[in-house]
Amino acid sequence: MKKRFFKILTLIAVVVLFTGCGVDDKPTIEEDNQHEDVPTNKENEAENEDSKDEKNEEIITEEEQNPIDSIDLTKEPNELGEIMILMYHGIGEEETVWQRTAANFRKDLEYMYKNGYRMISLNDYAKGEIYTEEGYTPIILTFDDGRQNNFNLIEENGEMVIDSNCAVGILEEFKSKYPDFNVTASFFLGTNPFGQIDYAEQKLNWLIENDYDIGNHTYSHNKMELLTGEEIQAEIGSVNNIIGEYISDYSVETLALPHGSNPNDEFINDMLEGEYEGNSYKTVAVLDVGWRPAYSPFDTLTDFKSLYRVTASEIDVDGCGMYDYFKQFEENKRERFISDGFSEVITIPERHKEYLNMDMVGDMLVNIY
Ligand SMILES: [Zn+2]
């Protein structure tokens, strides 16, 4: 943590040094005058010497502080590699296509942690804000349908506590066990978030306070392809309004498509932006059903309105389940995203440079090797 903080500080210093010469930079009046004043010869000499010293100092610190110089290329960073967005549904007693047992969910998490994966939130992915430690691969967990077994409260000694075998209970267990796992997940909800309606407000607030995210899974779980623009806005907006009643200062910005059904082209904008009963919404990331790993957010091939997911199951996955892709990554049959450790630098191997989406890169530094 300390190391990251230092890296961020040094980067800020570098950015300040660079932008200090930029056209858009607005100097204070005092600074501006300093540069425009024509000094006498003597003053000039003295100032030159001063600024020479200053410059030397700047160059030295700049060299020392340039984050690109501290990137360890032996870890083969590749920030245009793929990222898995795992699609979970239930966690329960029986293993089915749409439900993982608590034991298997623990096995998944253990596997991810021990094999170089660290969690990031879907919201951060959509913004291209990736804080993964260097050499590690980001992974995203999602849960559809807002089932009670995702977040279940049980009574213990007259108190309501988190069921240690529900999804949140297990995630919290791993959060304590492996603090550097960066445990987080997105829960995609419909009309009845996690059952136990009396505790809905408490649960949603707890999730937000504990670094989890909430997404939209629509009101009726209908196929979007069958809906009109107005119906789509009602399907999304009504759920946002329900969630907004419990957690008013949180904006739901992500959507998991029921049955992976995309709207007709003419109604895609209604999915991305709309209004229902006076409240507007904006969607930054839309998820399909499980199929294959997603591209990096910095890849020109990424379509944030139709992001690939991987089915978090081992039943009926037809070679497209999470362990199939873990294996392909391990055997280098697919290239996974490997972080350079700096959220503000995008490091990519030369061979991928044509896929770099400069709109997503924005102000960040690019490091091609
Ligand atoms: Zn669903």
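Residues numbered from 1 in each chain as written. Predicted model: local features only at pLDDT ≥ 70, side-chain atom pairs only at ≥ 80, totals over all residues. Heavy atoms only, no water.

Draft legend 1. The arrangement of empty space enclosed by the protein in detail. The tally for this structure, following the rule as stated, stands at 3 cavities of 30 Å³ or more. Of the pockets and cavities examined, the largest cavity occupies roughly 50 Å³. In this structure, the largest cavity is lined by 13 residues; those nearest its centre are Val97, Trp98, Gln99, Ala312 and Ser313. Mapped by element, the contributors of at least two residues to the lining of the largest cavity are strand 1 (84–88) and strand 3 (99–101). For the lining of the largest cavity, a count of residues per class yields 5 nonpolar, 6 polar and 2 charged. (1 Å grid on protein atoms, 1.4 Å probe; cavity = no way out; pocket = protein on both sides within 12 Å on 5 of 7 lines; lining within 4 Å. Points joined across faces, edges and corners; volume = space filled by probe spheres on them. Helix = DSSP H or I, 4+ residues; strand = E, 2+ residues; numbered from the N terminus. Nonpolar A, V, L, I, M, F, W, Y, C, P; charged D, E, K, R; others polar.)

Draft legend 2. Examining the packing of aromatic side chains more closely. The final tally for this structure, using the stated rule, is 20 aromatic pairs. Centroid distance Phe187 to Tyr212: 6.1 Å. Interplanar angle 55°. Geometry classified as tilted. On the criterion of sequence distance, the pair formed by Phe187 in strand 8 (residues 186–189) and Tyr212 in the loop between helix 7 (200–209) and strand 9 (213–216) is long-range, its members being 25 residues apart. Considered together, Phe187 and Tyr212 belong to a single accessibility category, that of buried residues. Cluster of aromatic residues (ring-pair linked, three or more members): Tyr88, Phe105, Phe143, Phe151, Phe187, Phe194, Trp206 and Tyr212. Here the guanidinium or amino end of Lys203 rests over the ring plane of Phe151, the centre of that ring lying 5.6 Å away. (Phe/Tyr/Trp six-rings, centres within 6.5 Å; stacked < 30°, edge-to-face > 60°. Buried < 20%, exposed > 50% of the residue type's maximum accessible area, 1.4 Å probe, protein only. Lys NZ or Arg CZ within 6 Å of the ring centre and 35° of its normal.)

Draft legend 3. Quick peek at the coordination of the zinc ion. Ligation of the zinc ion by protein atoms is provided by Asp145 (OD), His217 (NE2) and His221 (NE2), these donors lying 2.0 to 2.1 Å from the ion. Between the donor residues of the zinc ion, the gaps in sequence give the motif D-x71-H-x3-H. Relative accessible area serves as the criterion here: at 3%, His217 is assigned to the buried category. (Donors = N, O, S within 2.8 Å, 3.2 Å for Na, K, Ca; no water.)

Draft legend 4. Just the confidence of the model for the protein chain, in detail. Across the protein chain, pLDDT averages 87, with 83% of residues at or above 70. Confidence drops under pLDDT 50 across residues 1–52; counting only partners more than four residues distant or on other chains, this segment forms 24 contacts. (pLDDT = per-residue confidence, 0-100. Contact = heavy atoms within 4.5 Å.)

Draft legend 5. View of helix 10 (residues 322–330). The set of residues buried in helix 10 consists of Met322, Tyr323, Tyr325, Phe326 and Phe329. Here the buried residues of helix 10 occupy an arc of 160° about the axis, which is enough to place them on one side. Buried residues belonging to helix 10 abut strand 1, strand 3, helix 4 (102–114), strand 4 (117–119), strand 5 (137–144) and strand 14 (307–311). (Arc of directions from axis to C-beta.)

Draft legend 6. Inspection of the pairing of strand 11 (residues 273–276) at higher detail. Relative to strand 12 (residues 279–282), strand 11 runs antiparallel, the two being bridged by 4 bridges. Within strand 12, the position partnered with Glu273 by the bridge is Lys282. In textbook terms, the turn of a hairpin is the stretch between consecutive antiparallel strands, and for strand 11 and strand 12 this stretch comprises 2 residues, one of which, Glu277, has a positive phi near 45°. (Pairing = 2+ DSSP bridges.)

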